[in-house]
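Survey of secondary and tertiary structure
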Number of protein chains: 2
Amino acid sequence: MSILLKDVRHKNSRADILIEGNRFKRIALPGKISAAEIPQGTEIVDCSHFAVLPAFYNAHTHAAMTLFRGAADDLPLMKWLSGWIWPMEKRLDAEAVYAGSRLAILEMIKSGTVFFSDMYWFREATIRAAEEMGIRATVGVTFAEGLVDDSELNFEFLRAHYRDYSPRVNLAVMPHSVYTVGEKLFRRCADIAEELDLKLHLHLSETADEAIRSRTPTGGKSPVEYLDSRGILTPRTIAAHAVHLSDLDISILRERGVSVVHCPASNMKLASGSFRAQAVLGAGIRVALGTDGAASNNNLDMREEMKLAALLAKVTSGNPETLPASKVFEMATKNGAEAYGIDAGEIAEGKLADAILVDLENERLVPGSNLISDWVYSADSRAVDSVLCDGNFVMRGGRVENEEEIISSARKAFSRLRSASL
Amino acid sequence: MSILLKDVRHKNSRADILIEGNRFKRIALPGKISAAEIPQGTEIVDCSHFAVLPAFYNAHTHAAMTLFRGAADDLPLMKWLSGWIWPMEKRLDAEAVYAGSRLAILEMIKSGTVFFSDMYWFREATIRAAEEMGIRATVGVTFAEGLVDDSELNFEFLRAHYRDYSPRVNLAVMPHSVYTVGEKLFRRCADIAEELDLKLHLHLSETADEAIRSRTPTGGKSPVEYLDSRGILTPRTIAAHAVHLSDLDISILRERGVSVVHCPASNMKLASGSFRAQAVLGAGIRVALGTDGAASNNNLDMREEMKLAALLAKVTSGNPETLPASKVFEMATKNGAEAYGIDAGEIAEGKLADAILVDLENERLVPGSNLISDWVYSADSRAVDSVLCDGNFVMRGGRVENEEEIISSARKAFSRLRSASL
């Protein structure tokens, strides 16, 4: 299948963009792709009112937690987890996770996201949702000794299934955190990630409490120092949050080639703290962006997350030049794709054909002095007309397939969970 | 004219809501308003898929600055003002302000706002835009000695025109700030506000620089102490920003009954500082919410502003319980209306009929555990289906009258300004 995006705004000019299969084949000035280059049956899309932009890569979430959206807000982390989230999660089953994941994917597509990294339970339900709805996902096999005891099953699952899915979907090894996974299990997680060439994704230094409390059992080491002393940190490690970092922590993360996922909405809403954007970016660490789960955000909107990240970095550093629009846009697109080893994140020949079409007639993109600035600071999801993932439209004209059914299934799953918990 | 909102979600139940003229006449359980109570010719609107919510009151903005959206970002305040904003503003004329104000009003309506308080130039152009587009405005007669010398004309204008407009539109006296308006002129501003019973709106303690520098010429007084010592602060005073407040400042503002307008996006983007939400709200001061101008935000979206305010308050105080959703929602609605003396901000019998209809089928309001939380933390303007102001629809089904023409006029005005400045 091939698609020609005709006369689309691309960076600061106009272009025709030919997509063949799942990649960008040719990008040229309007009219400059010759008829001979355009395969028979190519769909021609008039894009004169649109700009093409890289889509978003949501580098840390818990997709099915959309079901818990708004169920318990404005609470401290541990009260929130133990009083609300964990009891509700006990009642989860594959059907609910499937419904919640579909709702999450619907929301992500609507706001321009084509990939999510998911750390949760009932992974096969999430994988099924991502496969069916046509977007990319790295789905975690989640380890957490305190909460569930399925480590051996997890290892079996990884070995049996790590190559079972479409090229859009991968597994990753996801030990939850240093406070829920012991040293031995962490070691085994790192080993199997190495063996099967998978990413290792974890929560790291999210709260002051984690950063301080973990120093006692680890002989005074910070979570970063501790994991590094055990050889866990490598270029395949992707650390979510990374709020409470010392200068030494930052130099270790850079040294080991670890990628970091900044989740500003969650960190602010749970009052976990302010990410040291200036220091971490200044060190040259790859920083991606994530929404975290809908229970602590409460949406999965990467556009909003970009604005939050930029604004938080400025007020935290006291410097309005910190984290300009172009930089935070890169975090939400290219850096997320790179961290998860996806050959995408830019509109460029040869790259995987992921993109969004943004409506230039949307009033928030007017007068249009700077498209990236308008997109980061001014627009919202209303400006997203269409979304392409892997060379296919997953949204057109603001419509996603089966929207109504996805929403009513999510409602049903939620009322089942809620009535079970009464 | 009368309108019946039929079977609409209102708070935690369903209701029929009868609007007569410009006020809510009756709110009752569905079917409980008798046929005799419903005037002939009443328009019946099926609202079974909608929730009704109070609309937003944007308590501080510079509407026409939409024309400068994205023109200069990620810069320190003074560099931004003197290098970019002031030179562009020199080329402004009434036609450009009219075009920029209409663009701003379009954007505000689309995101559920029915009122704005405007401090800018060419006020008659902004008044005309608000009158034509059907929303409410308090439009400033702006005083700033450093920038322009039209104080005498301003006083004449106030006396001549303060009662000229529809009940939706008022004038206010707006001395820009303590660093642009001297003591004598400030005194005269306060006097005429008193004489004509108008609001007095100003920027106050926005930056650390303002808070520190003003101490020398005022004999060591903070901006708040200084204005109070001159008798300027009264219940008709509305202070925008109020970021750098001492405990003494806070007790003075409370004592004098001053209303404060919090503008989180602008304060973060310009790195002005973090508003002391916990202390100011704890003191019992009325706090409204404002977007500031599009040049420092870069949108006029009060929904986004609510989320920013709540998140900033939590991370700043280190306490996730600070500024819960219900409270920040009140700031953006009821408190803004009250500060400007508008008998609205709640869906209640007898109040002015301002409201929005929110689409409950929008995926971000699913599963729907808590409508206010979903609205504050999760939704975006895509969920706003219709907007009512003063008993009239100013948006229906996502459409505002003349959208395309408003956008093309704004583009034209901007290119004229830009080419004049080259």
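It should be emphasised that the depicted structure is a prediction, and the values quoted were computed from it without experimental measurement. (Residues numbered from 1 in each chain as written. Chains lettered and ligands numbered in written order. Predicted model: local features only at pLDDT ≥ 70, side-chain atom pairs only at ≥ 80, totals over all residues.)

Quick word on the relation of the copies chain B and chain A
Put simply, the rule reads: Only residues with pLDDT of at least 70 in both copies contribute their C-alpha atoms to the least-squares superposition of the copies. Our contact criterion uses C-beta atoms placed from the backbone: two residues qualify when those atoms are within 7 Å.
When chain B is brought onto chain A, the operation consists of a screw motion whose angular component is 180° and whose axial shift is 0.0 Å, with 0.0 Å RMSD remaining. One copy is carried onto the other by what is essentially a two-fold rotation axis. In terms of C-alpha distance to the rotation axis, chain B has Arg382(B) as its closest residue, with the C-alpha 2.7 Å off the axis. Taken as a fraction of all interface residues of chain B, those also at the interface in chain A reach 98%, which identifies the copy contact as same-surface.

Details of unusual backbone geometry
Heads up, the rule is: Working definition: helices are DSSP H or I runs of at least four residues, strands are E runs of at least two. Numbering for both runs from the N terminus.
For the bond from Asn297(A) to Asn298(A), the omega torsion is 10°, close enough to zero to count as cis. Its location among the elements puts Asn298(A) in the loop between β13 (287-289) and α11 (302-317). Residue Pro367(B) is bonded to the preceding Val366(B) through a cis peptide linkage, with omega at 5°. When you line up the elements, Pro367(B) lands in the loop between β14 (355-359) and α13 (371-378). Even without a glycine there, the phi angle at His241(A) is positive, about 80°.

As for the domain arrangement of chain A
All names here are of chain A. Note the following rule: In this document the domain limits rely on a domain assignment from an automatic tool or a database. Residue type decides the class: Asp, Glu, Lys and Arg count as charged, Ala, Val, Leu, Ile, Met, Phe, Trp, Tyr, Cys and Pro as nonpolar, and the leftover types, Gly among them, as polar.
According to the domain assignment, chain A consists of domain 1 (2-52 + 355-366 + 373-395) and domain 2 (56-339). One C-alpha centre belongs to domain 1, the other to domain 2, and the line joining them spans 30 Å. Contacts between the two partners involve 14 residues from domain 1, matched on the other side by 18 residues from domain 2. Partitioned by chemical class, the residues of the side of domain 1 that touches domain 2 number nine nonpolar, three polar and two charged.

Topic: helix α8 (residues 247-256) of chain B
All names here are of chain B. Going by this rule: Burial is judged by counting other C-beta atoms within 10 Å of a residue's own C-beta: 20 or more means buried, 12 or fewer means exposed, and anything between counts as partly exposed, with every C-beta placed from the backbone. Arc definition: it is the arc formed by the directions from the helix axis to the C-beta atoms.
When α8 is considered as a whole, its buried residues turn out to be Asp249, Ile250 and Leu253. All buried residues of α8 lie within an arc of 100° about the axis, which places them on one face of the element. Away from the buried face of α8 by more than 90 degrees, exposed residues Asp247, Leu248 and Glu255 are located. If you follow the buried residues of α8, they end up packed against α7 (223-229), β12 (259-262) and α10 (277-282). Just downstream of α8, Gly257 is the residue with a positive phi angle, here 70°.

Considering the packing of α11(A) against helix α12 (residues 325-339) of chain A
Residue and element names in this part refer to chain A. Applied cut-off: Here an angle of 0 to 180 degrees is reported between the N-to-C directions of two axes, which are lines fitted to C-alpha atoms, with helices fitted over the stretch in contact. Should an angle fall under 35 degrees it is called roughly parallel, over 145 degrees roughly antiparallel, and 65 to 115 degrees roughly perpendicular, with every other angle called oblique. Two helices cross in a left-handed way if the nearer one is turned anticlockwise from the farther one by less than a right angle. They cross in a right-handed way if the turn is clockwise.
Packing of α11 against α12 brings their axes to within 9 Å, and their N-to-C directions diverge by 135°. Relative to α12, the element α11 is oriented oblique. Like other packed secondary-structure pairs, α11 and α12 cross with a definite hand, here right-handed. Note on element contacts: α12 touches α11 through Ala325, Val328, Phe329, Met331 and Ala332, opposite Met302, Glu305, Met306, Ala309 and Ala310. Each residue belonging to the contact of α11 with α12 can be placed in one class, and the counts come to nine nonpolar, no polar and one charged.

A word on helix α13 (residues 371-378) of chain A
All names here are of chain A. The buried fraction of α13 is high, at eight of eight residues. Considered for burial, the residues of α13 that qualify are Leu371, Ile372, Ser373, Asp374, Trp375, Val376, Tyr377 and Ser378. Against the buried residues of α13 lie β5 (50-53), α11, α12 and β14 (355-359).

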